[in-house]
Amino acid sequence: MNLMKATLILDDGSRYEGYSFGAENSVIGEVVFNTAMSGYPESLTDPSYSGQLMVLAYPLIGNYGVPARTIRTDGISLFMESERIHAGAIIVSDYSYQYSHWNAAGSLAEWLKEEGIPGIYGIDTRALTKRLREQGVMIGTIVTGNGADEKAMQAQLPIFHYDEVNFVDKVSCKEVITYNEGAGKKRVVLVDCGVKHNIIRSLLKRDLTVMRVPWDYDFNRMEYDGLFISNGPGDPDTCAVAVQHIRQALGEEKPICGICMGNQLLAKAGGASIYKLKYGHRSHNQPVRMVGTDKCYITSQNHGYAVDSNTLGSDWEPLFVNMNDGTNEGIRHKNKPFFSAQFHPEACSGPTDTEFIFDRFAELIS
């Protein structure tokens, strides 16, 4: 086997050399780590990873291949979280060229090459993850090619400042899409900030008509029974238009639920502030407690920003808190049917402890 060399270069000058198993091209992005041991097809197709180079801390990747990229008649992916890979690259310790799984339709390497996404293996991802934990997330460049002129390749890539790009606009739908038209008992507006398809599946499973709208669409002129604000990538401060529309909706009594980015946008609409986490939460095993109770849930998470609970207005209160670092994991209004979660109750793969959040939302709009 002729191996193509690939190198990850962080903006602090550190280098990690390995071999390419994906598309043999160069890319730049924010380097983040994920500690989950499975679910790489779901993570790669999660729009929240747009603009990011994903480091998988679990050492063995690729051993169960990838499922078929089948799209249902309603446009929802059968197995993935969107129609394509959104992560800029994948960085792993050991890539398995041999795969075995009842649902596998091909290898991870084949899929990456089809979609033009670089992949590196042979990297000490534990050491890289430790560096990111100490230094925080950094911008990184992946250069591929034996004997490649790294400086020349880096110079060809655009100047990249993650916080200055509106990634939500890049991944949101461009027009209104309606699912289960005329069949659902209630109508829900889904603000698409980069929605994972399993959120749509979870809403449809509860006999709802879902009207998916672009992130900056003025949904207040629509007839609906409930508002759902999705996950999404990037800095929530780039979504001021969405915050304005959500703030207007707060004047009504219609139930509102937000997930991940949706939690942050709902909090901003209510007057709270958002801050960037040092290295984010990206795993399947984050313990979260419901405030005011002894109930603790194991959650799946993927976010780089958090709500500052100290800035919540008098009408709002924390709903969930992270038991690892005490950060906010959800909010609720004290008097109106508005609530949100920073974690992913639709998690796939991942624990399903918190799927009841969709049940609660459906109950509120019934």
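Whatever comes next refers back to the structure up there.
Residues numbered from 1 in each chain as written. Predicted model: local features only at pLDDT ≥ 70, side-chain atom pairs only at ≥ 80, totals over all residues. Heavy atoms only, no water.

Colleague: Describe the overall build of the protein, and please don't skip the residues or the numbers.
Modeller: Tallying secondary structure elements over the protein gives nine helices and 21 strands in all. Over its C-alpha atoms the protein spans a radius of gyration of 20 Å, differing by no more than 12% from the 21 Å that the globule rule assigns to 366 residues. In terms of overall dimensions, the protein has a C-alpha envelope of 65 × 45 × 40 Å along the principal axes. In the protein, the proportion of contacts linking residues at least 24 apart, taken out of those at least 6 apart, comes to 73%. (Helix = DSSP H or I, 4+ residues; strand = E, 2+ residues; numbered from the N terminus. Rg over C-alpha atoms; globule rule 2.2 N^0.38 Å. Contact = heavy atoms within 4.5 Å.)

Colleague: Give me a nonpolar patch on the surface: which residues, what numbers.
Modeller: Side chains of Leu3, Tyr19 and Tyr97 sit close together on the surface and give an oily, nonpolar patch of about 240 Å² of accessible area. For Tyr19, the position within the fold is in strand β2 (residues 15-20). Given the relative accessible area of 34%, Tyr19 is considered partly exposed. (Patch = residues over 30% accessible without salt bridge, like charges linked within 9 Å, V, L, I, M, F, W, Y side chains within 5 Å. Areas by Shrake-Rupley, 256 points an atom, 1.4 Å probe, with all protein chains shown as cover. Salt bridge = Lys/Arg side-chain N within 4 Å of Asp/Glu carboxyl O. Buried < 20%, exposed > 50% of the residue type's maximum accessible area, 1.4 Å probe, protein only.)

Colleague: Requested: an account of the nonpolar core, with residues and values cited.
Modeller: Counting residues in each nonpolar core, the largest one holds 36 residues, and the members touching the most others are Val189, Phe219, Leu227, Ile229 and Leu265. With five residues, helix α8 (residues 261-269) is the single largest residue contributor to this core. If sequence neighbours within four positions are ignored, Leu265 has contacts with Cys193, Ile229, Pro236, Cys239, Ala242, Val243 and Ile246. Core analysis: the next-biggest nonpolar cluster, separate from the first, contains 27 residues, Leu190, Val195, Val210 and Met290 among them. (Core = buried A, V, L, I, M, F, W, Y, C linked by side-chain atoms within 4.5 Å.)

Colleague: Help me get a handle on the environment of Leu204, residues and values and all.
Modeller: Within the secondary structure, Leu204 is located in helix α6 (residues 197-204). On a C-alpha basis, the gap between Leu204 and Ala109 in space is 33 Å, while along the polypeptide they are 95 residues apart. Those residues within four positions of Leu204 in sequence are excluded, and the remaining contacts are Arg72, Asp74, Tyr179, Asn180 and Val210.

Colleague: Let's hear about the pattern of salt bridges: which residues, and what values?
Modeller: The tally for this structure, following the rule as stated, stands at 15 salt bridges. Its salt-bridge partner being Glu346, residue Lys196 comes within 3.0 Å of it at the nearest N-O pair. Here Glu346 lies in the loop between β21 (338-341) and α9 (356-365) and Lys196 lies in the loop between β13 (186-192) and α6, a separation of 150 residues in the sequence. Note on accessibility: Lys196 and Glu346 belong to one class, buried.

Colleague: Which residues make up the environment of Leu78, and what are the values?
Modeller: Examined against the element boundaries, Leu78 turns out to sit in the loop between β6 (66-67) and β7 (89-91). Sequence separation between Leu78 and His197 is 119 residues, and the spatial gap between their C-alpha atoms is 8.8 Å. Setting aside chain neighbours within four positions, we find Leu78 in contact with Thr70, Arg72 and Arg201.

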